[in-house]
Amino acid sequence: MKKSFLSIAFLLVTQFMLAQETASTRSTFQYNIVPSQADIKVDGIESEDEWNTHQTIDQFYNHNPSDKGLAKHKTEVKLAYTNQMLYVFAKMYDEGKRVVQSLQRDSDNAHFNSDSFTIVIDPINTKQNGVMFGVNAGGAEIDGSLSVESSQTLYSETWDERWFSSVKNYDTYWIAEFAIPFSSLRYNENNREWGINFIRGDKIENFYYTWTPFPINFNAIDVNYMGTLVWSQVPQVKSNSVFVKPFSTASTYKTRVGEDYVTDENFDVGVDIKVPITTSLYGDLAINPDFSNADVDQEVVNITRFDISLPERREFFLENNDIFTNFGTDNFRPFFSRRIGLKNGESIPILFGAKVTGNLGSDFRLGAMNVQTKKSGDIAAENNTVLAAQYKVLKRSIIKGMFINRSTTGDTTMDDHSQNFGTEFTYISEKGNFNNTVSYHGSTAKDFSNGYFVGLEGSYNSRRFGAGWVLHTINDHYRADVGFTPRIFNYNADTGEVIHQGYSFVNPWMKYRFFPEKEDSGIVEHGARTWNHFYYHDNSLFERQNNVAYDLFFRNTASLVFTATHVDIDLQFPTNFLGDEFDNLPVQGYNYWNGSVDFSSDIRNRFTYTAGGTMGSFYNGNISTLYASTNYRFGNWGNFSLSYDYNNIDLPDNYGDVDIHLVKFNGALSFTNKLFLSNTVQYNTLSDNFSVFSRLQWRYSPLSDIFLVYNQNNNTNGFDLSNRSIILKLTYRFGL
């Protein structure tokens, strides 16, 4: 099987490597940046003394929902620098109407669903990763890290750095100014060319414009289709500055234990330290880290046979996290940081975390991380070490390798340890429209046979057509204690055992899109797509899922999706996901169909909504689902949403007949672009949990915050209190 995968990979790579055209935006779109001869004040006011001697970019191209033609509304951009700062000036012309969803910081909705301006930068100039900075027309800031997955550039807004901005609105335009310290960027001082692009969101026209023109099948933030920022001399920034971020927390907890409640009050301190080793390589040390200000996990209804993953929200694990996490595929991740310091939904104290991430030269990128947890009850202390490296070859391709070691530590009779290792080669064409990854991973563990994973994943995308393939095999003995591999864990509901069973997975997918030629067409894009999952064990097919969907995207930002699904399962183990009061589904074949429809309204309106439902068969019975979500926006200071998910599962005899309800309320108040109050109330009958989460955040100084967090959980049967906490946290960042 492994030889077959490698043979297929070699044929696919060699077939496409010679057929790719070189993307030329970096050579044809260049900006020669010069030092500022005047003091620049970041105030949103256009001053001739500050900017009149600097080159102006004044032509932007349509990118989405159409990548044809020039932008309707003019945008002007200028750049300058001093010894410490990179400055950007942007002037967005319009007709005086603007959409501002919120003033909330680091909000995808507040930024990309509003009139906005975004800068994306690849300072290392490798087309592998980068950073972004942006503001909306109300002044709300967002910053994030860029990474490449399957040739598509993605961003994580959880990356946080020190920078400054100012926005002012005028009758026929709005202005944004940025000041980005060089100490907040990772770059090579010998590299005089950086990748850069600018994205303007014009929500009244429902268009995104970019400085460089490139196909719509790539995100506007794509690192491959940037222009070039040309330096006559890159500033020599003081490289021995150490950034220190101490914190203190005062908290009170009330927890139900049996029929009684236990109250605990704590005062804790810790510190995060960032040490620049070079301008492109940084070390991070977190002593007694605290993650109490992290956002609450959103409740979901999981009626599958396997675990689902939730996103990492803890600050220490987020910066440059892609070098550790971008191994494997969606349902196979050898490293998943939420496995560290979290067990069965409970938080395990972390004594310290240390990591080094960044670049050594322009082609070699590395990451090393060590995290030590404390003993907590019956859970032994553990040490986790993760090493990862990647080396750029050809034009955009990379070779990656990783090693993970987990072991128990401290005064314990338990001797448990495991190791994971792997290597991957990813070929990405110069245009980015073809990519292919070949992977091999292995595992060793105490009292456990050696395991392996071998995989092949790739895709080809053009403006209208896209196709992809996933093939992988994981054997019965593979083990990833700090990874995410849900499908190898099979629960036998009759015996209570968890059986490790490997499998082979095949997923071919395809899509085709149509773009109406008429400019006044109400539909800007529509098309069909299909994806198909096949699972094998011992060369025998035991599960397949075939899906087909048709998508319609409207000029007013609304969308409509129709989906049909067919599932055929030879159930391997007795299963129960509805409750112990019902009989277990027996081992036999199940064949069922269902269809769904989903609609989202115009996101520019003050009142927006989404609605949809599914109906059809489910295992040996039927399923009906309905969901609806509404949001009302008060100016740019308040967003209040209410959603309801209803699932009715009706199985014959005593296999299950349940109604599952999930109700969520989210309220976000932005008093200013530095002071926010977020509230989440959730009611989930499947997990028997009612929760209330409220967080007040005041960013009183760059990267320095005060948080007041309230969290409460009750069961849904009688609403008895499970736990409650109130936390006050203060952070302050300064440089030495």
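Residues numbered from 1 in each chain as written. Predicted model: local features only at pLDDT ≥ 70, side-chain atom pairs only at ≥ 80, totals over all residues. Heavy atoms only, no water.

A. Highlighting the pattern of salt bridges. Applying the stated criterion to the full structure yields 34 salt bridges. Of the charged contacts, one joins D330 and R333 as a salt bridge, the two residues approaching to 3.7 Å between their closest N and O atoms. By relative accessible area, which is 63% here, D330 ends up exposed. The residue R406 makes a salt bridge to D481 at a minimum N-O spacing of 3.0 Å. Linking R406 in strand β22 (residues 397–408) with D481 in the loop between β26 (465–474) and β27 (489–492), this pair joins segments that are 75 residues apart in sequence. Accessibility expressed as a relative area gives 4% for R406, which makes it buried. Where salt bridges share partners, they join R105, D106, E141, D143, D160, K674, R699 and D705 into one cluster. (Salt bridge = Lys/Arg side-chain N within 4 Å of Asp/Glu carboxyl O. Buried < 20%, exposed > 50% of the residue type's maximum accessible area, 1.4 Å probe, protein only. Helix = DSSP H or I, 4+ residues; strand = E, 2+ residues; numbered from the N terminus.)

B. Examining the nonpolar core more closely. One finds V77, L79, F117, W194, F198 and W231 to be the most contacted residues of the largest nonpolar core, which totals 42 residues. Those residues in contact with W231 that sit more than four places away from it in its chain are I33, Y81, L86, F182, R192 and W194. Within the second largest apolar cluster, 17 residues are counted, among which are V567, L571, Y619 and L651. (Core = buried A, V, L, I, M, F, W, Y, C linked by side-chain atoms within 4.5 Å. Contact = heavy atoms within 4.5 Å.)

C. Spotlight on a nonpolar patch on the surface. Nonpolar side chains collect at one region of the surface, where W698, Y700, L730, Y732, F734 and L736 lie side by side and expose about 570 Å² of accessible area between them. Summarising the element assignment, W698 is placed in strand β39 (residues 689–701). Overall, the relative accessible area of 43% leaves W698 in the partly exposed class. (Patch = residues over 30% accessible without salt bridge, like charges linked within 9 Å, V, L, I, M, F, W, Y side chains within 5 Å. Areas by Shrake-Rupley, 256 points an atom, 1.4 Å probe, with all protein chains shown as cover.)

D. View of the sheet that holds strand β9 (residues 164–169). A sheet is described by the order of its strands in space; here four strands give the open sequence β3-β4-β10-β9, paired in antiparallel fashion. Edge positions in the open sheet fall to β3 (75–81) and β9, since each of these has one partner strand only. The sheet shows a mean angle of 10° between the axes of neighbouring strands, taken without regard to direction. Pairing between β9 and strand β10 (residues 173–181): six bridges, direction antiparallel. Each residue of the ladder has a partner; that of S166, found in β10, is E177. (Pairing = 2+ DSSP bridges. Axes fitted to C-alpha atoms, helices over the stretch in contact; angles between N-to-C directions.)

E. Inspection of unusual backbone geometry at higher detail. Here the residue pair N64 and P65 is connected by a cis peptide bond, since its omega of 15° sits within 30 degrees of zero. Relative to the helices and strands, P65 resides in the loop between β2 (61–64) and β3. Unusually for a residue other than glycine, D653 sits at a positive phi of about 50°. A relative accessible area of 74% means that D653 is categorised as exposed. At L703, a position not held by glycine, the phi torsion is positive, near 60°.

F. Structural view of the packing of aromatic side chains. Enumeration over the complete set of coordinates arrives at 50 aromatic pairs. A centroid spacing of 5.4 Å and a plane angle of 35° characterise the contact between Y592 and Y619, whose relative ring orientation is tilted. In this pair, Y592 sits in strand β33 (residues 589–600) while Y619 sits in the loop between β34 (607–618) and β35 (621–634), placing the two residues 27 residues apart along the sequence. Residue Y619 is classed as buried on the basis of its relative accessible area, which comes to 7%. (Phe/Tyr/Trp six-rings, centres within 6.5 Å; stacked < 30°, edge-to-face > 60°.)

G. Fine view of the pairing of β35. Where β34 and β35 come together, twelve bridges link them in antiparallel fashion. Along β35, the bridge assignment pairs T614 with T625. Where β34 folds back on β35, the antiparallel hairpin that results is connected by two residues, among which Y619 adopts a positive phi of roughly 50°. As consecutive antiparallel partners, β35 and strand β36 (residues 638–650) are separated by three residues, and within that stretch G635 has a phi angle of approximately 55°, a positive value.

H. Looking closely at the side chain of R105. Topologically, R105 is positioned in the loop between β4 (85–93) and α4 (108–112). A residue is classified by how much of its surface remains accessible, and R105, at 11% relative accessible area, is buried. A polar side-chain atom of R105 sits 3.1 Å from a polar atom in the side chain of D160. Other than its neighbours up to four places away in sequence, R105 contacts E141, D143, D160, E161, W163, F676 and R699. (Polar contact = N/O pair within 3.5 Å; in protein donor to acceptor, adjacent residues only side chain to side chain.)

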